[in-house]
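Architecture and fold: a report
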Amino acid sequence: MRSTKLSVALAREALAARTETANGWLQGTPPGRTVRRVIDGLIEIELVDRSMTLAARIFTSVLPVMIAASTLSGWNVTARTIKTQFGFDPTELTTTPGTVDTTNPSFAAFGVVGLLMIAISGTSFARALARIYAKIWNVPSITLRDAWRWLVVLFAVALSGTAIGLAGELTSIRLIGPPLAVAGEFAVWMAVWTLSPYLLTMGTLKGRVLWATGALTAGALTALHVGGRLLLPRITAAAQHQFGPLGLVFTAISWLFVLSVVIVGSAVIVKAIALDEGYVGHYLRGPDAVASEQAAESLTEDDGAHHE
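Residues numbered from 1 in each chain as written. Predicted model: local features only at pLDDT ≥ 70, side-chain atom pairs only at ≥ 80, totals over all residues. Heavy atoms only, no water.

Helix and strand counts for the chain stand at 13 helices and 0 strands. Listed N to C, the secondary structure of the chain is α-α-α-α-α-α-α-α-α-α-α-α-α in terms of helices and strands. By the burial criterion, 43% of the 308 residues in the chain qualify as buried. Restricting to contacts in the chain with at least 6 residues of sequence separation, those with at least 24 account for 75%. When the accessible surface of the chain is totalled, it reaches about 15,800 Å², and 67% of it is carbon and sulfur. (Helix = DSSP H or I, 4+ residues; strand = E, 2+ residues; numbered from the N terminus. Buried < 20%, exposed > 50% of the residue type's maximum accessible area, 1.4 Å probe, protein only. Contact = heavy atoms within 4.5 Å. Areas by Shrake-Rupley, 256 points an atom, 1.4 Å probe, with all protein chains shown as cover.)

Rendered as structure tokens:
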């Protein structure tokens, strides 16, 4: 029912987009109107502000969960992923040889409670992302009754670091290893960024829109990470040498901001394409939306004929 309502809403938006006054290329042609919708969508969503807020939430919510999980569980692959992506080893920030005994039962109990508290406070990331999707797709915000969705998204994004680290192990395979690692990373990101909008929009988005959002986000993030693995460690080392520990913070926040721009921008672009007048737009909107558009157009034509 919710998907049908959203299809009808998309149909109305698509019909309104086609009836706009044709002034210039950006509104006089279907591709131009799509470009215009992308530009308008990025402005309306306040891309810079939203991305900076999301980056801060990732830094204060998602990274602590990843670091805590890798420290408590001994998942070195997660620590290696953070090191390759941000240029520093989180275990060096949380432990000092000879000062912490991770086998101590009291440490384990405190660690579990601490991880739970981090997870609860970490839902601020998922809440911020839910507000972004709600504004882009014009859907209701999540209530406390469905707060579990925030936790699922938080852990899905946090555990994706481990999954990507495991995918990176494929590079040890001769010849086909690097392409397999890139494909594995793309698959992880696509799963995460298809699941996240589905949960945070209460299942209102259609499958085609979800897959398109996941694919576009995954492709852009994978391309950024391939470049990041080459450049970020050097940039982080230089920043740390110049500014000390603050250099790590500056670099991490800057990189997370770029990733957040991709996450927010991808959703806006998919929304704009879904309103396109061509085959791709019709496909993403689905048959329900197309039928609603045809019915609305018929009513408009009938009203025009009646007035004549």
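Counting all residues, the mean pLDDT for the chain is 76, and 68% of those residues have values of 70 or more. Below pLDDT 50 for its whole length, residues 94–110 participates in 7 contacts with residues either more than four positions away or in separate chains. (pLDDT = per-residue confidence, 0-100.)

As a further point, take the pattern of salt bridges. Enumeration over the complete set of coordinates arrives at 2 salt bridges. A salt bridge links D146 to R149; the nearest nitrogen and oxygen atoms lie 3.8 Å apart. Neither D146 nor R149 differs from the other in exposure class; each is buried. (Salt bridge = Lys/Arg side-chain N within 4 Å of Asp/Glu carboxyl O.)

As a further point, take unusual backbone geometry. The residue E46 is not glycine, and still its phi comes out positive at about 60 degrees. With respect to the secondary-structure elements, E46 resides in the loop between α3 (30–44) and α4 (47–73). Although it is not a glycine, N138 adopts a positive phi angle of roughly 55 degrees. Structurally, N138 is set in the loop between α8 (123–137) and α9 (148–168).

We now examine a nonpolar patch on the surface. Residues W148, V152, L195 and Y198 make up a contiguous nonpolar surface patch of about 360 Å² in total accessible area. Of all the secondary structure elements, the ones that give two or more residues to the nonpolar patch are α9 and α10 (177–200). For V152, the location among the structural elements is in helix α9. (Patch = residues over 30% accessible without salt bridge, like charges linked within 9 Å, V, L, I, M, F, W, Y side chains within 5 Å.)

Here the focus is the side chain of S266. Inspection of the secondary structure puts S266 in helix α12 (residues 245–274). Leave out the neighbours within four places in its chain, and S266 touches L216, T217 and V261.

As a packed pair, α8 and α9 sit with axes 8 Å apart at the nearest point and diverge in direction by 105 degrees. By the angle between their directions, the pair α8 and α9 is classed as roughly perpendicular. Touching T123, F125, A126, R127, L129 and A130 of α8 are W150, L151, V153, L154 and V157, all from α9. (Axes fitted to C-alpha atoms, helices over the stretch in contact; angles between N-to-C directions. Parallel < 35°, antiparallel > 145°, perpendicular 65-115°, else oblique.)

Moving on, we come to the packing of α9 against α10. Remark: α9 packs on α10, axes separated minimally by 9 Å, with the N-to-C direction vectors making an angle of 180 degrees. Here α9 is positioned roughly antiparallel relative to α10, judged by the angle of their axes. The residues of α10 that touch α9, namely those facing W148, R149, W150, V152, V153, A156, V157, S160, A163, I164, A167 and G168, are A181, G184, E185, V188, W189, V192, W193, L195, S196, Y198, L199 and L200. Tallied by class, residues from the contact of α9 with α10 come to 18 nonpolar, 4 polar and 2 charged. (Nonpolar A, V, L, I, M, F, W, Y, C, P; charged D, E, K, R; others polar.)

With that out of the way, let us pick up the environment of S121. You can see S121 is positioned in helix α7 (residues 105–121). The spatial distance from the C-alpha of S121 to the C-alpha of T60 is 9.2 Å, given a sequence separation of 61 residues.

A few words on the packing of aromatic side chains. The tally for this structure, following the rule as stated, stands at 1 aromatic pair. When the centroid spacing of 6.2 Å and the interplanar angle of 25 degrees are considered together, the rings of Y279 and Y283 count as stacked. Taken as a pair, Y279 and Y283 lie in helix α13 (residues 279–307) at a separation of 4 residues, close to a single helical turn. When its relative accessible area of 66% is taken as the criterion, Y279 is described as exposed. For Y283, a relative accessible area of 41% translates into the label partly exposed. Residue placement shows R127 over the ring face of W150; its charged tip is 5.7 Å from the ring centre. Positioned above the aromatic ring of Y283 is the side chain of R208, whose terminal nitrogen or guanidinium carbon lies 4.3 Å from the ring centre. (Phe/Tyr/Trp six-rings, centres within 6.5 Å; stacked < 30°, edge-to-face > 60°. Lys NZ or Arg CZ within 6 Å of the ring centre and 35° of its normal.)

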